[in-house]
Amino acid sequence: MRLYNTLTKKLETFKPLNPDEVKIYTCGPTVYDFPHVGNYTSYIYWDLLIRTLKKNGFTPKRVLNLTDVGHLASDADEGEDKLEKGAKRENKTVWEIADFYSNYFLENYEKLNLTPPDVLAKATDYIEEDIKLIDALTKKGYTYETSDGIYFDTSKFKTYADFARLDLDHLKAGARVDFNSEKKNVSDFALWKFIKPDEDHAMRWDYLDRPGYPGWHIECATIIHEELGETIDIHTGGIDHIPVHHTNEIAESEAAFDKKMCNFWLHCNFITINNEKVSKSLGNTYKLEELEEKGFAPLDFKMWVLQGHFQGTRNFSFDDLSAAKSRRLNWRNKAASAFQTGKTEKQPDLQEKILNALNENLNSPEAFSIIDTNELSFEDWQFVDELFALDLVNNIELPDFIKRLISERKEARDHKDYALSDQIRDELSENNIVVLDTKDGPIWQFLN
Ligand code: AMP
Ligand code: ZN
C-alpha cells in the first residue's frame, strides 16, 4: 500500500510499526455547531483508509477526538472559545452544547456508515493529562508565561518550521503590530489560557493557582500519548491543519517525549460549493438533513465524495450529487441483478484490481471506474460494499410480501391477466420495486 505522506511530501510504501495494531489518530470536530457537508468529507475518506487497511490484513486501532473546549475563533489563540460562543448563541450551558453537537455528529457519522472509532476521546476528559504534558514541557524549558496564559516557545523547537515548510521570517513580517505583544515569536501558541476575573468562561480548571483552560492543540498531543503512545503510524486531518494545528501538535509531542510523533500524515483537500468556499455568509453550509430534504440519502453524498480523490479539489453541486445518486442506484440494481441471476463471467482478479487501485494512495475514482467497466458477481459487490459501505448489498433480501407480489405478478402474466398484473405492478412500485421482463425471466430492481 502506498500513501502520500505530508511529512516527506512523497508517495511512500506504508509500513506500520505493528501490523496487528496500526495506530491511527483523526482530528475530530469542534462540537459547537452543525457540521456542514464539507466537514464530513474528511471522515468519509478516513473511513475508506480504515477499510482499505483491513482488506490488506492490518488491524487498525483508531482514535477520534471531540473538541469540546479550547478551540478559539481564530487559530492564533485569539477570540472567543467556540463552545462558549455556541452556548451564548443558544442560551444553553457549554456542556449542553457539547453534548448536543457530539450526539448530532455521531448520528450523522452512523448514517454515513462510517466505522466507529476504537476510542472516542473528549478533550475535557484529558485535562489532568494536558497539565502533565505542559509541566513536562515547562521542565524542559519550552514554555513561558504571559499575562493570558502559558505559551510554547517555538524558537526552542528547532525543527518547528519543517513539517509545513513554514517561512518563519515571512510570518514575522506579516504579523499584525498589535498582535499579542507578549508573545516572543509570532508562531508561539497557547498551551493553557488563564481566565481573567471578569471573563465569562464556564469551562474552567485550576492550574498554577488560577482558573484556566487548555489551548486547542494540546488535547491532540495528550490524547495521542495517552491512548496510542509516543509514536503512531498515521495521523489524518484536513489540509487546513497543516500549518498551525498539526505543526503545533508535533512540536508539543516531540519536544516532550523526544520521539518522532507520527510516521504518516494524510491530509484531505477542501471542497467548494458551486465554486465558492463553504461559509455561513454564502448560505451554502448544507447539513446532511438539507440534502435529505432535497431527496438525497446521506450515502448518495458519500458516493459523490468517493468519486473524487482525497487530495483533489472538489466542487460540489446538486447536479453532480444527482449524478452520484443515479450511479449508486445503478450499482444497487446491478448488485440486485447479480444476486438474482447468479450469472456472471467470473473474473478472478477483479477484487484484486479494485483493491490495488485503493492501495495506490486511496485512488477511489480509479476503483470506481474499474467497477463501472466490469461485470461484477454478487460476491464482488459484497467486496465493493465492504470497502465503500454504500448499502449496495443489504436490503437485497426482499420482504416476504414483496416476493409474493412478484410471483403473483408472474402468474397473472402467465395467465395473460394483464389487469391484475398491472395492479400488482402499481403495488410494487409503491414499495420501490419494479419488475423487468428479461430474456432470463423477470428481474426486480429498485426504483429509487
Ligand atoms: P471544525 O469542526 O470546525 O474543527 O472543522 C472540522 C474540519 O472540517 C476542519 O478542520 C477541516 O479539516 C474540515 N473542513 C472544513 N471545511 C471544509 C471543506 N469545505 N471541505 C473539506 N473539509 C472541510
Ligand atoms: Zn488535532
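Remember, it's a predicted structure, so these values are computed and weren't measured experimentally.

## Here's the deal with the coordination of the zinc ion (ligand 2)
Part 1 of the argument: For the zinc ion (ligand 2), the protein coordination sphere consists of C27 (SG), C220 (SG), H245 (NE2) and E249 (OE), at 2.0 to 2.3 Å.
Part 2 of the argument: Bound by four donor atoms, the zinc ion (ligand 2) shows angles of 80 to 130 degrees at the metal and therefore irregular coordination geometry.
Part 3 of the argument: Each donor residue of the zinc ion (ligand 2) lies on one chain, and together they are spaced C-x192-C-x24-H-x3-E. A residue pair is termed long-range when its members are at least 10 positions apart, and C220 in helix 6 (residues 216-227) and E249 in helix 7 (residues 242-257) qualify at 29 residues. Like E249, C220 is buried.

## Some details on the environment of P211
Part 1 of the argument: The residue P211 is located in strand 12 (residues 210-214) in this model.
Part 2 of the argument: Distance in space between the C-alpha atoms of P211 and F194 is 6.1 Å, their sequence separation being 17 residues.

## Some details on the nonpolar core
Part 1 of the argument: Of all hydrophobic cores here, the largest spans 113 residues; its most connected members are F301, W381 and F388.
Part 2 of the argument: Top element by residues in this core is helix 1 (residues 37-55). It accounts for 10 residues.
Part 3 of the argument: Setting aside chain neighbours within four positions, we find W381 in contact with W331, K334, A335, A338, I371, L376, L392 and V393.
Part 4 of the argument: Grouped together as the second largest cluster of nonpolar side chains are 18 residues, V119, I223, L228 and I232 included.

## Topic: the pattern of salt bridges
Part 1 of the argument: In this structure the tally under the stated criterion is 24 salt bridges.
Part 2 of the argument: Between D47 and K302 there is a salt bridge, and its shortest N-O distance comes to 4.0 Å. On the criterion of sequence distance, the pair formed by D47 in helix 1 and K302 in helix 9 (residues 298-306) is long-range, its members being 255 residues apart.
Part 3 of the argument: Residue classification places K302 among the buried positions, given a relative accessible area of 1%.
Part 4 of the argument: Here K140 and D258 are joined by a salt bridge, their closest N and O atoms 2.6 Å apart.

## Quick word on the site of ligand 1
Part 1 of the argument: In the vicinity of ligand 1 there are 14 residues, among which T30, N39, D240, H241 and I271 approach most closely.
Part 2 of the argument: Interatomic distance of 2.9 Å between a side-chain N/O atom of N39 and an oxygen atom of ligand 1.
Part 3 of the argument: In the environment of ligand 1, a nitrogen atom lies 2.9 Å from a nitrogen or oxygen atom belonging to the backbone of I271.
Part 4 of the argument: Contact with the protein chains hides 88% of the accessible area of ligand 1, taken as 490 Å² for the molecule alone.
Part 5 of the argument: Taken atom by atom, the bulk of ligand 1 overlaps the largest pocket.

## Quick notes on the domain arrangement of the chain
Part 1 of the argument: When the domains of the chain are assigned, the result is domain 1 (2-268), domain 2 (288-388) and domain 3 (400-446).
Part 2 of the argument: Relative placement of domain 1 and domain 3: their C-alpha centres are 56 Å apart.

## A word on the side chain of N359
Part 1 of the argument: Within the fold, N359 resides in helix 11 (residues 350-359).
Part 2 of the argument: Contact partners of N359, with chain neighbours within four places excluded, come to M1, R2, T52 and N56.

## Comments concerning the pairing of strand 4 (residues 60-66)
Part 1 of the argument: Burial analysis of strand 4 places six of its seven residues in the buried class, which makes it a mostly covered element.
Part 2 of the argument: Of the pairings in the sheet, the one linking strand 3 (residues 22-26) to strand 4 comprises five bridges and is parallel in character. Looking at strand 4, one finds that V22 is bridged to P60.
Part 3 of the argument: As paired elements, strand 4 and strand 7 (residues 119-122) share four bridges and run parallel to each other.

Conventions we followed
- Residues numbered from 1 in each chain as written.
- Chains lettered and ligands numbered in written order.
- Predicted model: local features only at pLDDT ≥ 70, side-chain atom pairs only at ≥ 80, totals over all residues.
- Heavy atoms only, no water.
- Donors = N, O, S within 2.8 Å, 3.2 Å for Na, K, Ca; no water.
- Tetrahedral: all angles 85-135°; square planar, octahedral: opposite > 155°, others 65-115°.
- Helix = DSSP H or I, 4+ residues; strand = E, 2+ residues; numbered from the N terminus.
- Buried < 20%, exposed > 50% of the residue type's maximum accessible area, 1.4 Å probe, protein only.
- Core = buried A, V, L, I, M, F, W, Y, C linked by side-chain atoms within 4.5 Å.
- Contact = heavy atoms within 4.5 Å.
- Salt bridge = Lys/Arg side-chain N within 4 Å of Asp/Glu carboxyl O.
- Near = heavy atom within 4 Å.
- Polar contact = N/O pair within 3.5 Å; in protein donor to acceptor, adjacent residues only side chain to side chain.
- Areas by Shrake-Rupley, 256 points an atom, 1.4 Å probe, with all protein chains shown as cover.
- 1 Å grid on protein atoms, 1.4 Å probe; cavity = no way out; pocket = protein on both sides within 12 Å on 5 of 7 lines; lining within 4 Å.
- Sits in = over half its atoms within 2 Å of the grid points.
- Domains from an automatic or database assignment.
- Pairing = 2+ DSSP bridges.

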